[in-house]
Amino acid sequence: MDNEIEKLQRRCERERKARQEAEQLLESKSRQLFHANECLERATRHLEKIVAERTEELERARDEALASVRAKSEFLANMSHEIRTPMNGIVGMLRALKKNQHTDKREKLVDTAIHSSKILVDILNDIIEYSKFEAVGVDIELSPTNITDTLESVADTYAFPIQKKGLEFILDFSLDIPKLISTDAVRIKQVVGNFLNNAVKFTESGYIILSAHMQNDGAIAISVTDSGKGISQDQLELIFQAFNQGDTSVTRKYGGSGLGLAISSKIVKRLGSNIQVVSQESVGTRFSFSLSAPIVSHRNYLEDLAKTKINSAILISPSVEFQESFLWLFSRSSHIKGHCYSSVKEVDFKKNFDENTIVFFDVRDDFNADVMPILRKKCPEPLLIALENIEAKCDNHPYADHVITAPLKPRKVVELITNISEDESEPEAEKILFSGKRLLIVDDNSINLEVADWLLSDLQFEVETCNSGMAAIERLDEKRFDLVLMDIQMPEMDGLTTTRHIRQHSVKNKHTPIVAMTAHALEEDREKSLASGMNDHATKPLDPDALAEKLKKILSK
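The shown structure was predicted, so the numbers you read here are calculated from the model rather than taken from an experiment. (Residues numbered from 1 in each chain as written. Predicted model: local features only at pLDDT ≥ 70, side-chain atom pairs only at ≥ 80, totals over all residues. Heavy atoms only, no water.)

A. Inspection of the environment of Asn419 at higher detail. Residue position: Asn419 is located in the loop between α11 (410–418) and β14 (438–442). Here the alpha-carbon distance between Asn419 and Thr308, two residues 111 residues apart in the chain, equals 8.2 Å. (Helix = DSSP H or I, 4+ residues; strand = E, 2+ residues; numbered from the N terminus.)

B. Highlighting the sheet that holds strand β5 (residues 220–226). Strand order in this open sheet of five strands is β2-β4-β5-β7-β6, and the pairing throughout is mixed. Here the strands that pair on one side only, and so sit at the sheet edges, are β2 (168–173) and β6 (276–280). Put simply, the sheet's adjacent strands are angled 10 degrees from each other on average, direction ignored. By the bridge criterion, five bridges tie β6 to strand β7 (residues 284–291) in an arrangement that is antiparallel. What sits directly across from Val278, in β7, is Arg286. Packed onto the sheet, helix α3 (residues 147–164) meets β2, β4 (207–214), β5 and β7 and runs at close to 175 degrees relative to β2. (Pairing = 2+ DSSP bridges. Axes fitted to C-alpha atoms, helices over the stretch in contact; angles between N-to-C directions. Contact = heavy atoms within 4.5 Å.)

C. Spotlight on the side chain of Asn146. Assignment of secondary structure puts Asn146 in the loop between β1 (143–145) and α3. By relative accessible area, which is 18% here, Asn146 ends up buried. Separated by 3.1 Å, the side chain of Asn146 and the backbone nitrogen of Thr148 make a polar contact. Not counting residues within four places of it along the chain, the set of residues in contact with Asn146 comprises Lys179, Leu180 and Tyr301. (Buried < 20%, exposed > 50% of the residue type's maximum accessible area, 1.4 Å probe, protein only. Polar contact = N/O pair within 3.5 Å; in protein donor to acceptor, adjacent residues only side chain to side chain.)

D. Molecular detail of the confidence of the model for the protein. Model confidence for the protein is summarised by a mean pLDDT of 79, while 76% of its residues fall at 70 or above. No element of the protein has a lower mean pLDDT than helix α6 (residues 248–254), at 50, and none a higher one than β5, at 96. Considering only residues more than four positions removed or in separate chains, one finds that residues 421–429, a stretch of pLDDT under 50, has eight contacts. (pLDDT = per-residue confidence, 0-100.)

E. Focus on the pairing of β5. Of all seven residues in β5, six are buried; the element is thus mostly enclosed. Here seven bridges tie β4 to β5, and the two strands are oriented antiparallel to one another. Bridge pairing in β5 places Ile209 opposite Thr225. Hairpin remark: β4 followed by β5, antiparallel, with five residues in the connecting loop; positive phi at Gly218, about 90 degrees. Where β5 lies against β7, seven bridges are found, and the strand directions are antiparallel. Paired with Val224 across the two strands is Phe287, which belongs to β7.

As structure tokens, then:
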């Protein structure tokens, strides 16, 4: 009996241990399963997060792609309109010109056609320039540059359209800017020209101010400020983006490619700066950038003023902006004091107005023109300078010693003051002529041949023409020429192949200068021209003055 009880106890013990082991195993497996489930849930959440992020990225990329497609489609639609508009003006005016026999009307029709052509060329240049920047970046060519002269040159280009709108155009420059710095004058003109072009478009009344001041860090702060319609904050985020404009109705209303600021932004970044914009709707806009460049010559116009006997400069003008810039001009001078008056009535004639005084008298729009004789009578000694608008086309004034045109250019003011005893009338630029020089023009397009023939005959070249590369080779085998203008893209034998043949095989004209005359405007096109043996590269449409200067340099070598 005891044995059976003992067996039963051992059996119970074994079952108890087995049950414990089973419970421990079950607990262990449960924990493993719980941990595995937690890992699976974490992995699921992580995967869901990744999928959500990727989905968001794809949706954002899709939206950006669609927006880009829409922007480019809208840009192309606008460009189609912008290109067709001047083309219609050109074709229409030329057709009207063909029928019209009245000299005055014909001149107006020609002017309209030329204006339309320039608009078309500007649009195409912007598109080509931006495409070039996207493909190969911005080329910067550094050279010694008089930045004051460069900016005044841009101002000359825009002075007439600004004045035609009745706007005040002010040049606000520091005279302590170094005369020569190392920078790219062409690119500077391009950027500032774009700023001024936009200011003219969007300003209906008030003023436009082009400024250039020295900063404490040695950089030159260049800006264009206008009193125009201003730019909203939403539009400010888009104006530097290509194919994207804050308000596409602006392009339709004012014209242009809409790429100007995108191009300017790339140029300024390449120059080591960034364009800054401050704008307020219905108040105006200011575009600016800082130009840091090595100084080639530390001389400045302030030093020139220190050598003159003039000690007093007076401006009589109703323009507040004009007065402010005039006073700023002389603010750094050690011995010339600037004074401004809104009218002759404010002038105190008891002051010593002698030969050491120069008076700038605003006679634009006949302002105070009737009191000019009175001023001359009361002040016989001071040098009187009459300030006129460009369109006045007046080289002299009965009571003034000199006449200059607005905007008042700081460099011109300094020249007048420093050459006070000299006759400052500027002779007309001597026209470059090439009398007796033989020129061969090669182009397969008869209209291009006719245009080039007309332009170059006017420079007194003895012009001959050919309409193919083979014809040019034959003509050059017959006689010697002083110069060849060669189109690049011609059927059968292009200009590059023709040039290589001339350089290798021609007896009479192997070393005759050859200049590419082509619509190919990229730098790589110019390099191809030079590599073929050409001496230079002229881009269509031909600018008569620039071409004459280029040919003069080539023929003088």
